[in-house]
Structure formats: C-alpha cells, structure tokens
Amino acid sequence: MNICVIGGGYVGLITSVVFSKMGNKVICVEKNIEKIKKLNKGIPTIFEEGLNELLNKSLNSKSILFTDNLKEGVNKSDVIFIAVGTPSTKDGNVDMSQITNVINEISSFINEYKVIVNKSTVPVGSQKYVKKLLIENGVNPKNFDVVSNPEFLREGKAIYDFLHGDRIVIGHDSEKAKDIIKKLYEPFKIVTIFTTPETAELIKYASNAFLSTKISFINEIANLCNKVGADIDTISYALGLDKRISPQFLKPGIGFGGSCFPKDTIGLVKIGERYGSDFKIVKSAIKVNEYQRILPVKVLLDEYKDIKGKIISILGLTFKSETDDIRESPSLYIIEELLKKGAVIKAYDPMASNEIKKLFPDIQYFDNLYDTLLDSSSMIICTDWKEFSNIDLEVVKKKMKNPFIIDGRNVLDIKKVEKNNINYYSIGKGYIKGC
Ligand SMILES: NC(=O)c1ccc[n+]([C@@H]2O[C@H](COP(=O)([O-])OP(=O)(O)OC[C@H]3O[C@@H](n4cnc5c(N)ncnc54)[C@H](O)[C@@H]3O)[C@@H](O)[C@H]2O)c1
Ligand SMILES: O=c1ccn([C@@H]2O[C@H](COP(=O)(O)OP(=O)(O)O[C@H]3O[C@H](CO)[C@@H](O)[C@H](O)[C@H]3O)[C@@H](O)[C@H]2O)c(=O)[nH]1
C-alpha cells in the first residue's frame, strides 16, 4: 500500500519504518528540515532500539522517503497517517493546533479517495472535528474517510511494541475505510478491535489514565512501606500474582514522566469537564504524582534542614531508561526545586540530549558517572539506567562526602548498601541510616 505519514517524531518515524518493513511504500512528511536531512542519510533522530537498522534497510530498498513536500506525500498515497504532537495547553486541555494545521494544509491536495488516520492522541470527538474541517475546507466528502487509530507504543520499545502490540484499535464510520485499514494491519497478526471513533479515542485516554493510576497507587503504598518497615517489592510481587491485577506497572519510584502520561491524565480530566464528568480518581493520581516526583527534595530537607550550598548529584535526566527523551522527566522538577533552595547541582545521564542544557544552562553536566559524584554530599538516582544499578559503592564512598543516596528508582542492591554502611533512602524498600 502507498502510505503517507505526517510528522516524523517518535510515533511518526516508528510508524513509517515499520510500515515500510511490512512491504508498503512510505512517504514521511516532516516540517523540520534538519530531521529530514538526517533521516534520508540514515541517521536516526531519536534513540530507539533497532531503529538504525530498520531505517537504513528501508532507505536501501527505497521503500521510504522523508520530505517536507506534503503535496507529493498526499498525492502518492492511499492512506494518510497523522502523527503530529498534541501537547497540553497551559490549562491542561489538548492543544489541537498541529492537527488543525495539518488538515488545513492537506485539504487542497485531496482530489481522490484517501483514508485519513488519526494516530496522534486526540480527545473524543476529534474524528468528527477532522471530518467537519475537511468539508468546511471544500473537500468532497466522497474523497475521504477519517479513522481513529490510537498508538500504544512505549518509548525505548517502540519498534517491538508496534510489531507485537497487545491490540490494534480502529475507530471508523465507513466499511470502505475499515477494509483498507484492516488489510494494512492484517500482516501484524494482532488482535484488532473495530469500533466507533469515539470509543477508539476514549480507549487511548482510559488506557494511559489507568496505567498512571496504577503507578500512583503503588507509590502511595511504597511511601507507607518506608514508615512501617514493609517491603514494596514483595508487596508488588504478591499483588501481581493475582491475575486480575497483573504484575506490570507496579514498580514504585519518583513518579511517572514522559510525553504521554502527564499530558494525557490532565487531558482526560479536561475532556471529562467538558461533558460534566468529574474524574476524581485520575485527579488524585495526578496529585500523588506531583508529590512523588519531588519527594527526594523533601527527603533531603528532612535530612539536612538547609540545603543551601550543598552539592547534589542528579543521576539520570531522561524520564525512564532506554530513551533520550526528557519530556516531563521527574528530574526536571527535582532540579528546579533544588535550585530554588540554593543547592549546587551536578548532573549526569548516559543518553539525555542537549535539550536539558537549554533548560538549565547554569548547572554542571558530566559525561562520566563517577566524576559527577566528586565532593557531592548526596546523589539522587532519577532514572533506572542499568549503569546506576551496577554502581561501585566503594568508589562512591571515596568520591562523596558522607554519602546520602536517594534511590528514586530502587535500582541498588540493599545488601550492598548495608555492607558499605551508606545513608540510603529508597521508595518503599527502607530508610537505612548508615555512617
Ligand atoms: N511518544 C510516544 O511514546 C507516543 C506514544 C503513543 C502516542 N503518542 C501520541 O502521538 C502523537 C505524536 O507524539 P510524538 O511523541 O511522536 O511527538 P513528536 O513531537 O516527537 O513528533 C511530532 C512531529 O510532528 C512534526 N510536525 C508537526 N506539525 C507538522 C506538520 N504540519 N507537518 C509535518 N510535520 C509536522 C514535528 O516537527 C515533530 O517532528 C501525540 O499525540 C502523542 O500523544 C506518543
Ligand atoms: O511500574 C512502573 C512503570 C512505569 N513507571 C514510570 O512511568 C513513566 C512512563 O513509562 P512507560 O509507560 O514505560 O513509558 P512511555 O513511553 O511514556 O509509554 C506510555 O505512554 C505512551 C504514550 O501514550 C503509550 O503509548 C504507552 O502505552 C505507555 O506505556 C516513566 O516515567 C516510568 O518511569 C513507573 O514509575 N512504574
């Protein structure tokens, strides 16, 4: 099939390379010229397992092209995927401006039948909104159908998830469009749910809000564990053995970040408000997360009372491991709070892009874990990078002044911490008062 993907970010790029791998001809239209240049040269613009190989394979077989030529993309394609950003507005609503711009831009190019697919995460009613906009722009209703096909991939596992997802969701109001999209996804052999556009749109928000709630729930249990001497890992394991609960997303820590959970939880609350539905549980999950992501600062204040001038090492800047994405990363909130309180920050991440330097130009960045720690009184582990779980605590003791470790992702082996007699705070695995 001939496919156009508009937007070459995390979702658009992965959608493009995977559909090309599955034997389709793909034109990915991106407005960022730098991204297009890199991608056409086979240089991945994001860090994602398997992307380099897949991108270059697709380029070599000439089954993929990156361009800013929207007209070419639309004219040469039967199916047009929209994968542009839908960030939050200041008040938490979903900013639909990128979607609106795309529809306005493609309207004059639609002169024969196309299936337009919303892959971006968009509020209930967006399929109808897109249809209305196309008609208002003078597009003949016979020349298009609009389908809702939300994406469930995780960053870091994006290609795997796209190829082996738990389900594919197709919201449609046309049998013709349904048959085309069904044919496109058939080779994936994944359970596919065909439903109304409204249901499809809501499945995406319900899914992200549920997972976020699960994380906030386990974080509240973990915070209690530290107070009563219970062990969160054993609790998560025991909960997860109950098939009705499942073991996934019961890992405690300093809260959820990333480009999706924070914006989609508040997005659902705002969508609910529009229809008179008060999402009390999701609101609480957000509130718990706001507390949890700066919990390390509270712990430091309890320990030192005043942290003005204290040197604090932040380990991990991305919102989770195996990605270079820093969007809504808890570490950003921690750094902001610590700076307000006058702490001196040293930061290290094996992968985070230069983006963070733009946000905090005045803190020190290191390209080596142990150099970062020199003369710090405390380190906060913010990301579950493997490198951090393998840290040599004997070296840590030599580099730091009376080290206090806050393990925001519970990556360290408690036995090793105890053996080294280090002050240590975990999320639900105990508060060890070392030397
Ligand atoms: N990142 C994820 O893990 C993930 C997973 C599932 C769903 N989603 C959803 O998918 C959507 C995209 O997310 P993302 O993370 O890929 O965003 P992103 O910011 O990484 O990428 C969006 C891309 O679209 C491009 N773009 C914007 N307007 C354009 C236009 N008019 N023409 C051409 N290109 C244009 C931007 O330059 C950017 O490269 C969002 O709605 C998001 O909520 C994201
Ligand atoms: O048990 C857990 C699992 C995750 N997290 C945190 O939750 C955040 C999100 O993690 P994850 O879901 O792995 O990352 P994303 O790539 O943001 O993926 C989520 O958001 C995407 C965008 O909507 C969806 O497509 C995916 O299905 C959904 O998992 C990260 O900060 C994690 O550290 C925890 O704290 N505990």
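The protein chain appears in an unreviewed UniProt entry as UDP-glucose 6-dehydrogenase from Tepidibacter formicigenes DSM 15518. Here is the UniProt Sequence similarities (unreviewed entry) comment for the protein chain, exactly as written: "Belongs to the UDP-glucose/GDP-mannose dehydrogenase family."

**Describing the UniProt feature "binding site: NAD(+)" (unreviewed entry) in the protein chain**
On the UniProt side, "binding site: NAD(+)" (unreviewed entry) is annotated at positions that read Lys35, Thr86, Thr121, Glu155, Lys263 and Arg327 here. On the basis of their most widely separated C-alpha atoms, the annotated residues across 293 residues do not gather in one place, lying as much as 24.5 Å apart. Taking the C-beta count within 10 Å as the criterion, threonine 86 has 21 such neighbours and is therefore assigned buried. When residues no more than four places from it in sequence are discounted, the contact partners of threonine 86 are Val94, Asp95, Met96, Gln98, Ile99, Ser120, Thr121 and Val122. Along the chain, glutamate 155 falls in the loop between β6 (144-148) and α7 (158-164).

**Quick look at the site of ligand 1**
The full set close to ligand 1 counts 27 residues, and Gly7, Gly9, Val11, Ser120 and Thr121 are the nearest of them. Sorting the residues of the shell around ligand 1 by element identifies α1 (10-21) and α5 (97-106) as the ones contributing at least two each. In terms of residue class, the shell around ligand 1 is built from 9 nonpolar, 12 polar and 6 charged.

**Observations concerning the sheet that holds strand β15 (residues 431-432)**
In space, the 7 strands of this open sheet follow the order β11-β10-β9-β12-β13-β14-β15, with mixed pairing throughout. The sheet terminates laterally at β11 (364-366) and β15, the two strands that pair on one side only. As judged from the 3 bridges shared by strand β10 (residues 344-348) and β11, these two strands associate in the parallel manner. Along β11, the bridge assignment pairs alanine 347 with tyrosine 365. Against the sheet, helix α13 (residues 295-304) engages β12 (378-381), β13 (404-407) and β14 (423-426), with an angle of about 155° to β13. Packed on one face of the sheet, helix α14 (residues 330-340) meets β9 (311-315), β10 and β12 and runs near 170° to β9.

**A few points about the UniProt feature "binding site: substrate" (unreviewed entry) in the protein chain**
With numbering aligned to this structure, UniProt lists the feature "binding site: substrate" (unreviewed entry) at Phe152, Leu153, Arg154, Glu155, Lys204, Phe249, Leu250, Lys251, Pro252, Gly253, Gly257 and Lys320. Across 169 residues of sequence, these annotated residues are also dispersed in space, with a maximum C-alpha separation of 23.8 Å. Relative to the assigned elements, phenylalanine 152 resides in the loop between β6 and α7. Structurally, the position occupied by glycine 253 is in the loop between α10 (232-241) and α11 (261-274). If we ignore the near neighbours within four places in the chain, the residues touching glycine 253 are Gly408, Arg409, Asn410 and Ile427.

**Description of α13**
Within the sequence span of α13, burial applies to Leu295, Pro296, Val297 and Leu300. Looking at the buried side of α13, the elements it contacts are α12 (280-292), α14, β12 and β13. Looking one or two places after α13, you find lysine 305, whose phi comes out positive at around 65°.

What counts, and where the lines are drawn
- Residues numbered from 1 in each chain as written.
- Chains lettered and ligands numbered in written order.
- Predicted model: local features only at pLDDT ≥ 70, side-chain atom pairs only at ≥ 80, totals over all residues.
- UniProt positions renumbered as here; feature names shortened; annotations may be inferred.
- Buried ≥ 20, exposed ≤ 12 C-beta atoms within 10 Å, placed from the backbone.
- Contact = placed C-beta atoms within 7 Å.
- Helix = DSSP H or I, 4+ residues; strand = E, 2+ residues; numbered from the N terminus.
- Near = placed C-beta within 6 Å.
- Nonpolar A, V, L, I, M, F, W, Y, C, P; charged D, E, K, R; others polar.
- Pairing = 2+ DSSP bridges.
- Axes fitted to C-alpha atoms, helices over the stretch in contact; angles between N-to-C directions.

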